[in-house]
Amino acid sequence: MERFYLEYPSLSRKADALDYIGEFHRFGSDINGSGGLNRYAGDYEGWLLKIEDDRQRIPDEQSSPGETYFLVRCSDKKIVGMVNIRYVLNERLKKYGGNIGYSIRPTERQKGYNKINLYLALKLCKLHGLKKVLLDADADNPASWRTIEALGGVMLREYFDAEFDLCVVRDYEIDVDSSLERYSSVYEPLIADQ
Ligand SMILES: CC(C)(COP(=O)(O)OP(=O)(O)OC[C@H]1O[C@@H](n2cnc3c(N)ncnc32)[C@H](O)[C@@H]1OP(=O)(O)O)[C@@H](O)C(=O)NCCC(=O)NCCS
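Residues numbered from 1 in each chain as written. Predicted model: local features only at pLDDT ≥ 70, side-chain atom pairs only at ≥ 80, totals over all residues.

Things to note about the overall build of the protein
Helices and strands together make up the secondary structure of the protein, namely 6 helices and 7 strands. Starting at the N terminus and walking to the C terminus, you meet the elements of the protein as β-α-α-β-β-α-β-α-β-α-β-β-α. Since a compact globule built from 194 residues should have a radius of gyration of about 16 Å, the 16 Å found for the protein is in line with a globular shape. Counting only C-alpha atoms, the protein reaches 40 × 40 × 35 Å along its principal axes. In the protein, which comprises 194 residues, the share counted as buried stands at 34%. Once local pairs closer than 6 in sequence are excluded, the contacts in the protein between residues at least 24 apart make up 63%. (Helix = DSSP H or I, 4+ residues; strand = E, 2+ residues; numbered from the N terminus. Rg over C-alpha atoms; globule rule 2.2 N^0.38 Å. Buried ≥ 20, exposed ≤ 12 C-beta atoms within 10 Å, placed from the backbone. Contact = placed C-beta atoms within 7 Å.)

Below, the structure is given as structure tokens:
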């Protein structure tokens, strides 16, 4: 059985991280949860500094403290996904983006990996004392909202987002403790001790 863990990005992962983002470009895929890695293609070291800064941010309307991780498959240490967790929401993030953003590389999709990614992110949210998290997903992105629903997400509203996305968006809430309790038997066996 494959197992997974979240890894904090480091210099030793430079080639793997660029390969990860390169795959999204090759497949023409949306990128989410990368902590902006796609904007630092030629400056991985700069991105490492940026995500370290992200952790220390004082929350305000422009920014919010957050963390970015690689989702790594134990058997081959491959980066199969990324997740970005915002522990404090400003008004903008409440409206758009929510607490958690994620992606799975195109060649590793539809294997259930993003559900593991979200479960691991919820564990970190619990460690940071969050009781409820907000997530949003475009209505035409079932892979995203089905991930959220698979972890017990409850849809709060569905609306046309005329400000940011210009599409129908679904807002969800997950009760962190209940989700972790309810799905631990499914996901704990898939999580590696690091
Ligand atoms: C969204 C994304 C992370 C899903 O990753 P994934 O590893 O393929 O998802 P999983 O395999 O864990 O599947 C999660 C759920 O979505 C469903 N699903 C996956 N791909 C799907 C697709 N193409 N169409 C419909 N449902 C799909 C799965 O069946 C599963 O639902 P279930 O538990 O009810 O069966 C991935 O498609 C991605 O990286 N997309 C680009 C970035 C993005 O859109 N991020 C989210 C922005 S809000």
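So that's the structure; there's more coming.
Structural notes on the sheet that holds strand β6 (residues 154–161)
Strand order in this open sheet of 3 strands is β5-β7-β6, and the pairing throughout is antiparallel. The two strands at the open ends of the sheet, each matched to only one other strand, are β5 (132–138) and β6. Sheet twist, expressed as the mean angle between neighbouring strand axes with direction ignored, is 20°. Bridge analysis of β6 against strand β7 (residues 167–175) gives 7 bridges, and the strand direction is antiparallel. From the neighbouring strand, Glu158 faces β7, where its bridge partner is Arg170. Lying over the sheet, helix α6 (residues 176–187) contacts β5 and β7, oriented at roughly 75° with respect to β7. (Pairing = 2+ DSSP bridges. Axes fitted to C-alpha atoms, helices over the stretch in contact; angles between N-to-C directions.)

A short note on the site of the ligand
Lining the immediate environment of the ligand, one finds 21 residues, of which Asn32, Arg109, Asn114, Ala143 and Arg146 sit closest. Mapped by element, the contributors of at least two residues to the shell around the ligand are β4 (100–104), α4 (113–127) and α5 (142–150). The leading source of residues in the shell around the ligand is α5, at 6 residues. Residues belonging to the shell around the ligand are distributed by class as follows: 7 nonpolar, 9 polar and 5 charged. (Near = placed C-beta within 6 Å. Nonpolar A, V, L, I, M, F, W, Y, C, P; charged D, E, K, R; others polar.)

Here's the deal with α4
The terminal C-alpha atoms of α4 lie 22 Å apart, and with 15 residues this matches the ideal 21 Å at 1.5 Å per residue to within 8%. Within the span of α4, buried status applies to Tyr113, Asn114, Ile116, Asn117, Leu118, Tyr119, Leu120, Ala121, Leu122 and Cys125. (Expected span 1.5 Å × (residues − 1).)

Some remarks on the packing of α4 against α6
Closest axis-to-axis distance for the α4/α6 pair is 10 Å, and the angle between their directions is 135°. It follows that α4 is oblique to α6 by the angle criterion. With respect to the hand of their crossing, α4 and α6 are arranged in left-handed fashion. Residues Ile116, Tyr119, Leu122, Lys123, Cys125 and Lys126 of α4 lie in contact with α6, whose contacting residues are Val176, Asp177, Ser179, Leu180, Tyr183 and Tyr187. Class assignment of the residues belonging to the contact of α4 with α6 gives a composition of 8 nonpolar, 1 polar and 3 charged. (Parallel < 35°, antiparallel > 145°, perpendicular 65-115°, else oblique. Left-handed = near helix turned anticlockwise from the far one by under 90°.)

Digging into the sheet that holds strand β1 (residues 4–7)
With respect to topology, 4 strands assemble into an open sheet ordered β1-β2-β3-β4, the strand pairing being antiparallel. Since the sheet does not close on itself, it has two edges, and those belong to β1 and β4, each with one partner. Pairs of neighbouring strands in the sheet enclose a mean axial angle of 25°, with direction left out of account. Along the sheet, α4 makes contact with β1, β2 (66–73), β3 (78–86) and β4, crossing β3 at roughly 40°.

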